[in-house]
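So you can see what is in the structure, the chains are spelled out below.
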Amino acid sequence: INIARFTVIKPSKKEIEEALARAKKKNLNADTVTNMFGAILDGKNPSQVIDPSDLDLKLKVNFDVVMKNRTKTNLIFQDLNYNFTINNSRLVEGYTKEIKNKPGEYILSIANEFSSKALGKSIINAFTKGSGDYTLTGYSMVKLPDKIRKEPVKLNFNEKGVLEIK
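Parameters and conventions
Residues numbered from 1 in each chain as written. Predicted model: local features only at pLDDT ≥ 70, side-chain atom pairs only at ≥ 80, totals over all residues. Heavy atoms only, no water. Buried < 20%, exposed > 50% of the residue type's maximum accessible area, 1.4 Å probe, protein only. Helix = DSSP H or I, 4+ residues; strand = E, 2+ residues; numbered from the N terminus. Arc of directions from axis to C-beta. Contact = heavy atoms within 4.5 Å. Phe/Tyr/Trp six-rings, centres within 6.5 Å; stacked < 30°, edge-to-face > 60°. Lys NZ or Arg CZ within 6 Å of the ring centre and 35° of its normal.

**Quick look at helix α1 (residues 13-22)**
Right, so step 1: Residues Ile16, Ala19 and Leu20 constitute the buried set of α1. Burial along α1 is one-sided: seen end-on, the buried residues are contained in an arc of 100°. Within α1, the exposed residues directed more than 90 degrees away from the buried face are Lys14 and Arg22.
Right, so step 2: Buried positions along α1 lie against α2 (30-41).
Right, so step 3: Immediately beyond the C-terminal end of α1, within one or two residues, lies Lys24, with a positive phi of roughly 55°.

**A short note on the environment of Phe63**
Right, so step 1: Note on placement: Phe63 falls in strand β2 (residues 58-68).
Right, so step 2: Residues Phe63 and Ile124 lie 61 residues apart in sequence; the distance between their C-alpha atoms is 18 Å.
Right, so step 3: Once you skip the residues sitting within four places of it in the chain, Phe63 turns out to touch Ile3, Ala4, Arg5, Phe6, Phe84, Val92, Leu108, Ser109 and Ile110.

**Considering the packing of aromatic side chains**
Right, so step 1: The final tally for this structure, using the stated rule, is five aromatic pairs.
Right, so step 2: Aromatic side chains Phe6 and Phe63 sit 5.8 Å apart centroid to centroid with 35° between the ring planes, which places their arrangement in the tilted category. A residue pair is termed long-range when its members are at least 10 positions apart, and Phe6 in strand β1 (residues 2-8) and Phe63 in strand β2 qualify at 57 residues.
Right, so step 3: Residue classification places Phe6 among the buried residues on the basis of a relative accessible area of 6%.
Right, so step 4: For Phe63, a relative accessible area of 1% corresponds to the buried category.
Right, so step 5: Clustering of aromatic rings is evident, with ring pairs tying together Phe6, Phe63, Phe84 and Tyr134.
Right, so step 6: Seen from the ring of Tyr139, Lys154 lies directly overhead, with NZ or CZ sitting 4.2 Å from the centre.

**Regarding unusual backbone geometry**
Right, so step 1: Phi angles above zero are rare outside glycine, and Lys24 is one such case at about 55°.
Right, so step 2: When you line up the elements, Lys24 lands in the loop between α1 and α2.
Right, so step 3: Owing to a relative accessible area of 67%, Lys24 belongs among the exposed residues under this scheme.
Right, so step 4: A positive phi is found at Asn88, a non-glycine position, where the angle reads about 65°.
Right, so step 5: Turning to its location among the elements, Asn88 is positioned in the loop between β4 (80-86) and β5 (89-96).
Right, so step 6: On the basis of relative accessibility, which here comes to 73%, the residue Asn88 falls in the exposed class.

What follows is the structure, given as structure tokens:
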């Protein structure tokens with residue numbers, strides 16, 4: 001298993017303004033906070049005008065889970081239930097059916113969001129370093145050829161690796 005095309009969409013000024021209003025942080029400049037979040041997601045170490053975990057700002061994340069099939073049997077992944085952590089901190093969990101089944105390779109696309117409340121030191125560290133340790137746990141229902149088994153099989157996984165953040 002490999003994680004590819006990991007991206008976090010930077011929040012807009014409007015989204016920052018709404019999050020500041022919900023948190024009743026009227027004394028902060030939205031442009032300054034927007035620049036701070038942009039710098040964090042770019043891997044820079046800006047001076048923090050607010051602790052990101054003080055806001056409930058929804059950040060969109062996209063990535064692909066790429067799996068190689070080294071068996072002689074053609075497998076068809078039907079879905080993916082997952083929990084994804086970076087540096088031992090939960091980032092997202094969910095379910096996807098966005099799957100490209102290609103011979104010998106499967107690409108499961110994740111589009112999710114997480115709250116800035118999840119941006120603790122360990123995850124911010126990963127952005128600053130440009131990499132972090134990930135854990136992907138969960139299961140997928142996999143269809144085998146009918147001559148082997150007609151019903152899908154539950155495939156559990158617990159994969160660890162290094163995530164490159166660009």
